[in-house]
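Summary of the model geometry
Chain by chain, the residues run as shown.
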Amino acid sequence: MQVDEHEVERRVERFKEAARGDGVKLTHQRIEIFREVAASVDHPSAESVHRALAPRMPTLSLDTVYRTLRLLSDMGLVSTLGPGREVARFDANLAQHHHYVCARCGLTRDFESEELNAISVPESVAEFGSVEATHVEVRGVCSRCAKEQAKKSGDTYPEEAKGAERSTT
Ligand SMILES: [Zn+2]
Ligand SMILES: [Zn+2]
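Residues numbered from 1 in each chain as written. Chains lettered and ligands numbered in written order. Predicted model: local features only at pLDDT ≥ 70, side-chain atom pairs only at ≥ 80, totals over all residues.

Another point: the overall build of the protein chain. In terms of regular secondary structure, the protein chain is built from six helices and six strands. Ordering the α and β elements of the protein chain from the N terminus gives α-α-α-α-β-β-β-β-α-β-α-β. With 169 residues in all, the protein chain has 17% of them scored as buried. Considering only contacts in the protein chain between residues 6 or more positions apart, those separated by 24 or more positions represent 55%. (Helix = DSSP H or I, 4+ residues; strand = E, 2+ residues; numbered from the N terminus. Buried ≥ 20, exposed ≤ 12 C-beta atoms within 10 Å, placed from the backbone. Contact = placed C-beta atoms within 7 Å.)

Shown next, in the form of structure tokens:
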């Protein structure tokens, strides 16, 4: 699944503008790494970005991908998901949105909800620090994992684990 190509171009343009503003050199590798994240709905890890680019960019090292993604994150052009996952994953969707996460395979998809955007954070949260954004993470077992599980066990469709977790970043 891919992000709409106009949206990808819009994100790439924003990256180029930000790079010019911050005095960050726009190398071919950096643009391709950003484009890969910007075009994906998978919230890819550095490893999967590297895997996707390696066939047409054989000289690209995993280390460069890591460093570039960290740079993009510092520039505020991608956000990271986590903490608590072994591998950081990156997200170029800067619009307010929420996540569905499969607890089994880690599939992560965006969804929008005006109701969830308007959620009010308990006052007790202020004790930890300032609140800049709220996003809701809905966790469960994705339909693909559920099907595979059903195939393996020969059982009927398993009841999906449901739960919502709110994280404030
Ligand atoms: Zn899954
Ligand atoms: Zn996202």
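That was the structure; now back to the text.
Quick look at unusual backbone geometry now. Positive phi, close to 55°, is recorded for H43, a residue that is not glycine. Examined against the element boundaries, H43 turns out to sit in the loop between helix 2 (28–38) and helix 3 (46–53). Accessibility expressed as a C-beta count within 10 Å gives 24 for H43, which makes it buried.

For the protein chain, per-residue confidence averages 87 on the pLDDT scale, and 87% of positions sit at 70 or higher. For the protein chain, strand 6 (residues 163–168) is the element with the lowest average pLDDT, namely 53, and helix 2 is the one with the highest, namely 97. (pLDDT = per-residue confidence, 0-100.)

Of all hydrophobic cores here, the largest spans 16 residues; its most connected members are I33, F34, V37, L69, L77 and V78. Contributing elements (two or more residues each) for this core: helix 1 (5–22), helix 2, helix 3 and helix 4 (62–74). Considering each element in turn, this core owes the most residues, four residues, to helix 2. Setting aside residues up to four positions removed in sequence, V78 forms contacts with V37, L69, L72, S73, F90, D91 and A92. (Core = buried A, V, L, I, M, F, W, Y, C linked by C-beta atoms within 7 Å.)

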